[in-house]
Amino acid sequence: MIHSLFLINNGGDLFLEKHWKSVISRSVCDYFFEAREKAVEPDNVPPVIRTPHHYLINIYREKIFFVSVIQTEVPPLFVIEFLHRIAETFQDYFGECSETIIKDNVVIVYELLEEMLDNGFPLATESNILKELIRPPTILRSMVNTITGSSNVGETLPTGQLSTIPWRRAGVKYTNNEAYFDVVEEIDAILDKSGTTVFAEIQGVIDACVKMSGMPDLTLSFMNPRLLDDVSFHPCVRYKRWESERVISFIPPDGNFQLMSYHISAQNLVAIPVYVKQNISFFETGSSGRLDITVGPKQTMGKTVECLVVTVHMPKVVLSANLNATQGTYNYDPVTKILLWDIGKLNPQKLPNLKGSLSLQSGAPKPEENPSLNIDLKIQQLAISGLKVNRLDMYGEKYKPFKGVKYVTKAGKFQVRT
Amino acid sequence: MSASSAFSDEKGGSSGEPEYGHDPASGGIFSSDYKRHDDLKEMLDSNKDSLKLEAMKRIVAMIARGKNASDLFPAVVKNVACKNIEVKKLVYVYLVRYAEEQQDLALLSISTFQRGLKDPNQLIRASALRVLSSIRVTIIVPIMMLAIKEAASDMSPYVRKTAAHAIPKLHSLDPEQKDQLIEVIEKLLADKTTLVAGSVVMAFEEVCPDRIDLIHKNYRKLCNLLIDVEEWGQVVIINMLTRYARTQFLNPNVNESLLEESGERAFYASDDDEEDEDKKAEEAALPKRKPYVMDPDHRLLLRNTKPLLQSRNAAVVMAVAQLYFHLAPKAEVGVIAKALVRLMRSHSEVQYVVLQNVATMSIKRRGMFEPYLKSFYIRSTDPTQIKILKLEVLTNLANETNISTILREFQTYIKSMDKDFVAASIQAIGRCATNIGEVRDTCLNGLVQLLSNRDELVVAESVVVIKKLLQMQPEQHSDIIKHMAKLIDNIQVPMARASILWLIGEYCEHVPKISPDVLRKMAKSFTNEEDIVKLQIINLAAKLYLTNSKQTKLLTQYVLNLAKYDQNYDIRDRARFIRQLIVPTDKSGALSKYAKKLFLALKPAPVLESPFKDRDHFQLGSLSHLLNAKAGGYQELPDWPESAPDPSVRNVEIPDWSKCTSRKDRKEKKVEKPFYSDSDGESGPTESADSESDSGSRSESASASDESASGSESEESGEETESEEEDEEEEKKKKKRPDKTKAKKPVEESAESEQSSGAEDRKRGRKVVKNQKSASESESESESSESEEEESEEESGEESESDTDIRKKKTPVSKQPPKQSKKESKKETQEMSLLDLDDFEPTTATAPVTPVNFMSSSLVSDLEGLSLTDSILAPTTIAPSGSIKMYELLHRIKGEGLAVEYCFSRQPFSPDPNMVAVQIQFTNNTNSETKNLHIEEPKLQSGMRVREFSEIEVLAAGDSVTVVMGIDFCDSTQAANFQLCTHTRKFFVTIQPPVGELMTPAFLTENDFKKEQGKLMGMNEISEKLSLGEKCVNEHIIVERVTATANLSRVPCGSDKECRFAGKTVSSGCLVLVTVATKEGVGAQLTVNCEKMVIGTMLVKDILQALSQ
């Protein structure tokens, strides 16, 4: 399936290669570079590139291109999903997935890649198993390693692969047994010029951090499970219980994982927490324009809107911006043409406003279109859909765990057209 | 030469890149090459593991950077036998990378692996095989072959998985081994562990994808295992099964697609009479077609893949989606839309692939995605390639009802900054306009407005699209043509200029005044135009010459002359050709007469189609589909067969995998019950019903046991055998069972995993060898319980009569417990399997498995020895004592001759002291025997539990039989609902206990009573005044009434005006104290003290009623 993998940074440097079958020359990447050049933006590189003898399937993540070489028919999503899994594993291991980190930990990276694929077919992708095979680096361990000269390869052989619960290793022990769940909801919305909702839906995930000894069997139930329109689960969740009883029953992996993601569709009414009054105009003469944006609370369910950020992708002709913000700071990057207004907390008494003039490239025709605004925000202790966790029950172990649920609402792809 | 090239490689490789390992060796890059790795070699040769490790780390870092480290091979390969596991691992990494280049040296390492293959540790065996098979050295093919064969029958599934992985490796190394490898694949396909399934199917797909016959026997197993296979394996299996299903089953949409076809034909029929006849023949044939019935195996596949739509892995979701698209009946395909739309939130690469597939699907099944229209709306932040795909989908989804919304969206898109996207949007508008007649004018107007756009690209694109639209109805739009003629001065984009020229030429009759002028202008600029424009100028000239030769004759001549000397041969050719055609000379042939007809013939309007049309002949989700070209190794999706191949090939005779499957079956069934049963009307047959309850499976074991055991032991062995064979039979049986069995729900969330695994064990029905120890244990326990029983009976007095009867009637029930205890002993060793938890067995899973029997097995055989063969079941011997009230469970008429009554025997239910014993009497009033009486699918309130009676195999006509079952009502009067099944029918029945039956007598002294009563004051005390009924004349009658109402015992009391009773609730053991104090005349006071107030209140009510009668 997957023949080889090349990691290429944004500048076009190939800094890691791994082959699972015979070696394929790195010159195959020339086709990729060609496509990369044509695409201008890294986002626009076609995920699948056809070359005379191979197919290149690539993803772009954290400013790194993961380019895999395929020789025969394979579902493209299979490869794409796997490449993302690799990136996630790196993130899980090293805290981030960047070029420097990969270079610094090149041996561990190589060992991971070796374990994750065998002959191009995925072998072990569960983080729990991998961590038993190859221990993630920690400061303490790297110090110990330098002193004792040992490395990160697991001393003991893993058992996880052999158990029926591949995502959890046996013999987990904690002194404090705790289970925390974060219900994170993101609002995807498109608002039109007048502020009416063109389209809105909620994408939610439940992230879990479960640190419990032994083999706890958890059951999470909701007050209003019917709300969820479409769900997808971590493999540990029993589909059947969900389908029959609408409860989430699972033996959790150890540590952090995403328990489920859900979708509340546009059919339901989605509360839009803020409104935006904006007026961006460009003058026909004088190569200038005016900008006036006000943000105010709409349906916030009585909570405070925090971390409010407005991002505007300006037309290319906008050279600079001379604005005045009543709250927060703004920054206009003339290279990327992005205006970023970081507001912070939204005060309903005194609405934040950004006002001022834009100067355009002289002589250039006035831009046809007005840029759309992207809103970013955060509301603590609120799931905007109204989803509520009812209770968490544990079976199979004797102790009493700490339990906690946190709700956060964020803006996802929240766009205001102008 | 090789050395020098290696050197330059080195240099080239390293000079461009920054160094990132601390690699002192490479620091000396300009020192002579052969010395380069000397220090590394030294380190590798040293005795210290830490040095070796350091060296290996550096070497691996070099490999990762793509540098050549092959000259270190001899030094590295020595360390293959190193004890240090870390060094070893890195050496393996090195070996796999370079063995191919240094074949001879690589052979040195082989013996180490061969030794590793024999290691007692399965992980070492597996890793040895993995590395051995990864070394691409042809000489060791026979060794690899041997190793794979051995590993394929290894005990450890992990090693077998590795063997499956090794198969494609060996195959690519030496394709001649194919036949032998297929044998191994065949063997591994029969493997029943989820670990192996994905890998072996992968090997199958790479080595012998055409050997579909290997799948037959494993088809059902694969379907059932699917949900537990790891995600990557799922993708491969689903894709393979899609192809398999296409060869083995009939097209579920066969009737519809025929209708469609004939409908389409009717449209064109007028063109061709022959075809018309064809059509008639077809239509005549149509009614003859048999109604389509879906193969149960086909249904099995659809049903088992559906839950995977909820997977977190996009590839799995896509695989299921394509399976449904290619295999499911039209009405069911819709379920995949939601899941696919969900994937749109994922990474942009995932979106890209999903949108491509959605685009293809949306052409064929537009309705499916219509509800999700808005999910395809475009954001300005989407990458261009995603925008364009979304646009494609939106265009495909457009119809009369939603077109206005879509056009409004398109309007915003046209204003985007992304010009490629704007161009695509304009084309999309054009396509909507051609497809939907109602909006054509609106679209045209909108596009015309765009002609005044400042951006040239936008204008050019609009021109092209307008041209296409105008071709449909040119007469009404001469204004637009005039407007466009004016544009020719400004627009520079060749394609747009060419389009305008073509339009003017084509419709020159509508704009007679302008067209010659345009030609004049173009003639002037002819030499500077692009080729495509030049060709259109010639065209325009020719057309004008034919219609308006007076004005344009000279111009045309001029243009043709220019073209004659053009650099492009196409243009010269065209000019020559047109001159001959239009300018009449004496040499010109007959053709020139028809020149006008040739040029100005009515041209059919172009059809604007999606580029995704007909892409679905590729399997969706495949690379080939994405590229719209066949990729190497692509397996065509076969067409449906005309008639289904023999479905019996999938039957498996020797159900050696029965354990797995039956487990899965059960699980599956559980899940689907509430969810699928309504939608899957025709799915009945495969439904693997009711193996759930023990009694269910017992029905089959009964027949099995008939063969295996005989004589007096038969009952018992029938119990114990619960043989493995049963599953197979069971499955066949299930098929016959009616659909409604599905209405079951999983119960009991409180089940603990341990217990369920115990239950699991029991369900699997292992052939259990009699365990002497536990049997004797249970014996003694049962004896003790017996003696208790006797005591209680003496005390309560009244029932002593029926004592012996009751004991006898217990006999049939006593079969179960001995087995139970054996299970218990096995339980600990049972591996805990997470997913097993799903099939909680409602009865036993939650019951604390106490190995208490109320009759030892020896006693059973003793009783049987008394030759009470059938008469033991005779109604006379088991009639409950008169004081016990019988309730009807199933009326004779409703039960089609089977009458069922029950009573609360007030005996402790020994297998579980927290359960209320319910005695059930079956009477067969029909003329035929009823078989396999058992209970199924209890529907219980949470916390309630049921212990079923063991199955009654045969109930002869006219006979009756009594059994005892236990129910834990949780001290509530909630009813227990369950199904009573015979071999032919199922009846929904309900047992609701009167509150008085929820308790057992408790024996207290007067002092104890008072003490306890003192504790249960206040809220827990309920007293009520009453007037005694006429017959309640003396104490004796009061006692009788109270004990008849509630299962309490009398407490001795000094006063003769008071009667005291005590009991405990069965489930939680709460005390229930009742006092009846008589006063003068008929007055009396009733006091009930009980912690459970609900019970107390209900009891008061009941006793009041009993006493006041």
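All chains use their own residue numbering, which begins from 1 and follows the written sequence. Just so you know, chain letters begin at A and ligand numbers begin at 1, following the order they were written in. At least 70 in pLDDT is required for a residue's local features to be given in this predicted model, at least 80 for side-chain atom pairs to be given and counted, and no such filter applies to totals for whole chains, interfaces and linings, which use all residues. Where side-chain values are given, they derive from all heavy atoms of the structure, hydrogens and water being excluded.

So the rule is basically this: UniProt positions are given in the numbering used here, feature names are shortened, and annotations may be inferred rather than shown by experiment.
Taking an unreviewed UniProt entry as the reference, chain B is identified by name as AP-3 complex subunit beta belonging to Phoxinus phoxinus. Recorded in UniProt for chain B, the comment headed Sequence similarities (unreviewed entry) runs: "Belongs to the adaptor complexes large subunit family."

If you check an unreviewed UniProt entry, chain A appears there as MHD domain-containing protein from Phoxinus phoxinus. Database annotation for chain A, UniProt heading Sequence similarities (unreviewed entry): "Belongs to the adaptor complexes medium subunit family."

## Some thoughts on the overall build of chain B
The cut-off we apply is this: Segments assigned H or I by DSSP are reported as helices when at least four residues long, segments assigned E as strands when at least two residues long, and all are numbered from the N terminus. Only protein chains enter the area calculation, which uses a 1.4 Å probe; residues under 20% of their type maximum are buried, those over 50% are exposed, and those in between are partly exposed. We call two residues in contact whenever any of their non-hydrogen atoms come within 4.5 Å of each other.
Scanning chain B for helices and strands turns up 49 helices and 15 strands. A total of 1109 residues make up chain B; the buried ones form 57% of that total. In chain B, of all internal contacts separated by at least 6 residues, the share reaching a separation of at least 24 is 70%.

## Some thoughts on the packing of aromatic side chains
Operational definition: Pairing of aromatic rings covers Phe, Tyr and Trp, the last counted by its six-membered ring, and requires centre-to-centre distances within 6.5 Å; plane angles under 30 degrees mean stacked, over 60 mean edge-to-face, and any other angle means tilted. Should the NZ of a Lys or the CZ of an Arg lie within 6 Å of a ring centre and within 35 degrees of the ring normal, that charge is described as sitting over the ring.
Evaluated as defined, the whole model comprises 26 aromatic pairs over all chains. With centroids separated by 6.1 Å and ring planes inclined at 25°, the aromatic side chains of A:Phe78 and A:Phe121 adopt a geometry described as stacked. In this pair, A:Phe78 is assigned in helix H2 (residues 76-94) and A:Phe121 in strand S7 (residues 121-122), connecting sequence segments 43 residues apart. Across the pair, exposure class does not vary: A:Phe78 and A:Phe121 are buried alike. Counting every residue linked through ring pairs, the aromatic cluster contains A:Phe32, A:Phe33, A:Tyr60 and A:Phe65. Over the face of the ring belonging to B:Tyr98 we find B:Arg97, whose NZ or CZ atom lies 4.5 Å from the ring centre. Positioned above the aromatic ring of B:Tyr219, the side-chain terminus of B:Arg650 is 5.5 Å from the ring centre.

## Overview of the confidence of the model for chain B
Residue and element names in this part refer to chain B. To keep it simple, the criterion reads: A residue's pLDDT is simply how confident the predictor is in it, with values from 0 to 100.
For chain B, the average pLDDT comes to 73, and 72% of its residues sit at 70 or higher. Looking over chain B, one finds the lowest element-wise mean pLDDT in helix H46 (residues 875-878), namely 35, and the highest in helix H19 (residues 314-327), namely 92. Counted against residues more than four places away or in other chains, residues 258-288, with its pLDDT under 50, gives 12 contacts. Every residue in residues 655-882 scores below 50 in pLDDT, and together they form 394 contacts with partners more than four places removed in sequence or on other chains.

## Some details on the interface of chain B and chain A
It is common to report an interface's size as the accessible area lost on association of the parts. What counts here: Put simply, buried area is the surface a 1.4 Å probe can reach on two separate parts but cannot reach once they are joined, added for both. Think of a salt bridge as a Lys or Arg side-chain nitrogen and an Asp or Glu carboxyl oxygen that are within 4 Å of each other.
Chain B puts 115 residues into the contact, and the matching count from chain A is 115 residues. Summing both partners gives a buried area of about 10200 Å² for chain B against chain A, and 57% of it is carried by carbon and sulfur. Broken down residue by residue, the surface that chain B buries against chain A is led by B:Trp232, B:Arg345 and B:Arg379, which jointly contribute 8%. Connecting chain B to chain A are 11 salt bridges. Here B:Arg345 ties to A:Asp188 by a salt bridge, and the two come within 2.7 Å at their closest N and O atoms.

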